[in-house]
Amino acid sequence: MKSDEARGFALIGSGAVLLGTASILVRIAFPISALEVAFGRLAVAAVFVAAIAFFRSELRGWLGDARPYSLFGAIMALHFITFVGSLALTSIAHSLSIVYLAPAIIAIASVRVLGERLRPLQIAGIVLSIIGIAVLTGFERTLTLRMLAGDVLAFASAVFFAAYSIIGRIRRASMPVFAYTSRVYVWAAIWALPFALYGAFSDFDPSDYTWTRVGAIALSGLLPIGIGRTLYNASMRYISATKTNLVATQEITGGVILAAILLAEIPSATSIIGAVINLAGIFLVILGGRPLRRPSRRR
């Protein structure tokens, strides 16, 4: 493994640890509405990365990039809104597992959009990882309309996640990480604001806003998005979007472990087996070789 690729895996590995805190912090923030939580997370992340971009003089040309990045931000906002909404309706393991079907979508899109060609061992790893995610989810004895709605939102989140990842892969090839993330996060927060206002006006209860819940929203914006997602975007300069997202699937493992410790959502034996299968699939993708088209190294 060359130094650039090793750097990419180190970045996304660190990011995956922080991403694993997201679902727990979001759950702690409930019963504040999912729309308000999603906006709060994005707003904190936007302020954090924009401040860093300002001190690094990476905000130049911000207004000139408004049109494309408003679209990218809308896609990111929809990813987080649907993700938080799914967590309000179903289990953490179930929601995360469905959301991380995104690598399969990305693998297909990368062939057409990015000109990447995956080798047989990598394809086998992707299939194995998806199988592991399915096993990790487990089999529900009953499927309620509430759970079904959560499944639909999680799948929608996966689609938006895949689109956001492909866009990041393209844009990050020629743009500094904080210049890119500041634009996307700020626009995502702007797009999420009307949804938050709707959530607040439709069912607002001031007593929901305790210090613990507000703190959970702030941390869920800073750690998994402001830092974790920034590391995620930084890694895509060095490795493919497919590999980045397969490593990022360890958010599932981290989320399940933290749910067991903090929320007493004890994972079943099936869930543990699924996590191991998923990890094996990721190793196959990493060891299977690089795509034929390499990312740009312009800085």
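None of these values were measured; they are calculated from a predicted model.

## Some thoughts on the overall build of the protein
For step 1, the next point in the chain: Within the protein one finds 13 helices and 0 strands.
For step 2, the next point in the chain: Per-residue burial for the protein yields a buried fraction of 53% across its 299 residues.
For step 3, the next point in the chain: When contacts within the protein are restricted to residue pairs at least 6 apart in sequence, those whose partners lie at least 24 apart make up 91%.
For step 4, the next point in the chain: With the model as given, the accessible surface of the protein reaches about 13200 Å², and the carbon-plus-sulfur share is 72%.

## Observations regarding the environment of Leu-231
For step 1, the next point in the chain: Counting through the fold element by element, Leu-231 comes out in helix α10 (residues 211-235).
For step 2, the next point in the chain: Each C-alpha atom of the pair Leu-231 and Ser-14 lies 7.3 Å from the other, and the pair is 217 residues apart in sequence.
For step 3, the next point in the chain: When residues no more than four places from it in sequence are discounted, the contact partners of Leu-231 are Leu-11, Ile-12, Ser-14, Gly-15 and Leu-18.

## What about a nonpolar patch on the surface?
For step 1, the next point in the chain: Where nonpolar side chains cluster on the molecular surface, the patch consists of Ile-257, Ile-261, Leu-262 and Leu-263 and spans about 380 Å² of accessible area.
For step 2, the next point in the chain: Tracing the backbone shows Ile-261 in helix α12 (residues 250-262).
For step 3, the next point in the chain: A relative accessible area of 61% places Ile-261 in the exposed class.

## Examining helix α1 (residues 3-19)
For step 1, the next point in the chain: Taking 1.5 Å as the rise per residue, α1 with 17 residues should run 24 Å; its terminal C-alpha atoms sit 24 Å apart, in good agreement.
For step 2, the next point in the chain: By the burial criterion, the buried members of α1 are Asp-4, Glu-5, Gly-8, Phe-9, Ile-12, Gly-15, Ala-16 and Leu-19. Down the axis of α1, the buried set is contained in an arc of 135°. They therefore lie on one face. In α1, those exposed residues whose orientation departs by more than 90 degrees from the buried face are Ser-3 and Val-17.

## Some details on the pattern of salt bridges
For step 1, the next point in the chain: Inspection of the entire model under this criterion finds 1 salt bridge.
For step 2, the next point in the chain: Among the salt bridges present, the one from Glu-58 reaches Arg-56, with a minimum N-O distance of 2.9 Å.
For step 3, the next point in the chain: Given the relative accessible area of 10%, Glu-58 is considered buried.

## Regarding the packing of aromatic side chains
For step 1, the next point in the chain: With the rule as written, the count across this model stands at 5 aromatic pairs.
For step 2, the next point in the chain: With 5.1 Å between their ring centres and 80° between their planes, Tyr-69 and Phe-72 make a pair best called edge-to-face. Within this pair, Tyr-69 and its partner Phe-72 are both found in helix α4 (residues 66-87), separated by 3 residues, close to a single helical turn.
For step 3, the next point in the chain: Given a relative accessible area of 11%, Phe-72 falls into the buried group.
For step 4, the next point in the chain: Summarising the aromatic geometry, the rings of Tyr-164 and Tyr-232 are spaced 6.4 Å apart at their centres and angled 10° between planes, so their arrangement reads as stacked. Of the two residues, Tyr-164 is situated in helix α8 (residues 145-171) and Tyr-232 in helix α10; the sequence distance between them amounts to 68 residues.
For step 5, the next point in the chain: Owing to a relative accessible area of 0%, Tyr-232 belongs among the buried residues under this scheme.
For step 6, the next point in the chain: Each residue in the set Tyr-69, Phe-72 and Tyr-180 is aromatic and connected to the rest through ring pairs, giving one cluster.
For step 7, the next point in the chain: The ring of Phe-161 carries the charged tip of Arg-229 above its face, separated from the ring centre by 4.6 Å.
For step 8, the next point in the chain: Lying across the ring of Tyr-232, Arg-229 places its NZ or CZ 5.6 Å from the centre.

## Comments concerning the environment of Val-17
For step 1, the next point in the chain: Tracing the backbone through its elements, the reader meets Val-17 in helix α1.
For step 2, the next point in the chain: Residues Val-17 and Pro-224 lie 207 residues apart in sequence; the distance between their C-alpha atoms is 8.4 Å.

## Brief notes about unusual backbone geometry
For step 1, the next point in the chain: Cis rather than trans, the peptide bond between Phe-30 and Pro-31 has omega equal to 20°.
For step 2, the next point in the chain: Relative to the helices and strands, Pro-31 resides in the loop between α2 (22-29) and α3 (34-55).
For step 3, the next point in the chain: Notably, Ser-57 is not glycine yet its phi reads approximately 55°, a positive angle.
For step 4, the next point in the chain: Tracing the backbone shows Ser-57 in the loop between α3 and α4.

## Points about the packing of α3 against helix α9 (residues 177-202)
For step 1, the next point in the chain: Contact pair α3 / α9: the axes reach a minimum separation of 7 Å and the direction vectors enclose 155°. Classified by the interaxial angle, the pair formed by α3 and α9 is roughly antiparallel. Of the two elements, α3 crosses α9, and the hand of that crossing is left-handed.
For step 2, the next point in the chain: Looking at side-chain class alone, the contact of α3 with α9 contains 21 nonpolar, 3 polar and 1 charged residues.

## Points about the side chain of Glu-36
For step 1, the next point in the chain: Its location among the elements puts Glu-36 in helix α3.
For step 2, the next point in the chain: Leave out the neighbours within four places in its chain, and Glu-36 touches Ala-196, Gly-199, Ala-200, Phe-204 and Tyr-209.

## A word on α3
For step 1, the next point in the chain: When the terminal C-alpha atoms of α3 are compared, their 32 Å separation across 22 residues agrees well with the 32 Å that a helix rising 1.5 Å per residue should span.
For step 2, the next point in the chain: In the stretch just after α3, Ser-57 is the one whose phi turns positive, near 55°.

Criteria and thresholds
- Residues numbered from 1 in each chain as written.
- Predicted model: local features only at pLDDT ≥ 70, side-chain atom pairs only at ≥ 80, totals over all residues.
- Heavy atoms only, no water.
- Helix = DSSP H or I, 4+ residues; strand = E, 2+ residues; numbered from the N terminus.
- Buried < 20%, exposed > 50% of the residue type's maximum accessible area, 1.4 Å probe, protein only.
- Contact = heavy atoms within 4.5 Å.
- Areas by Shrake-Rupley, 256 points an atom, 1.4 Å probe, with all protein chains shown as cover.
- Patch = residues over 30% accessible without salt bridge, like charges linked within 9 Å, V, L, I, M, F, W, Y side chains within 5 Å.
- Salt bridge = Lys/Arg side-chain N within 4 Å of Asp/Glu carboxyl O.
- Expected span 1.5 Å × (residues − 1).
- Arc of directions from axis to C-beta.
- Phe/Tyr/Trp six-rings, centres within 6.5 Å; stacked < 30°, edge-to-face > 60°.
- Lys NZ or Arg CZ within 6 Å of the ring centre and 35° of its normal.
- Axes fitted to C-alpha atoms, helices over the stretch in contact; angles between N-to-C directions.
- Parallel < 35°, antiparallel > 145°, perpendicular 65-115°, else oblique.
- Left-handed = near helix turned anticlockwise from the far one by under 90°.
- Nonpolar A, V, L, I, M, F, W, Y, C, P; charged D, E, K, R; others polar.

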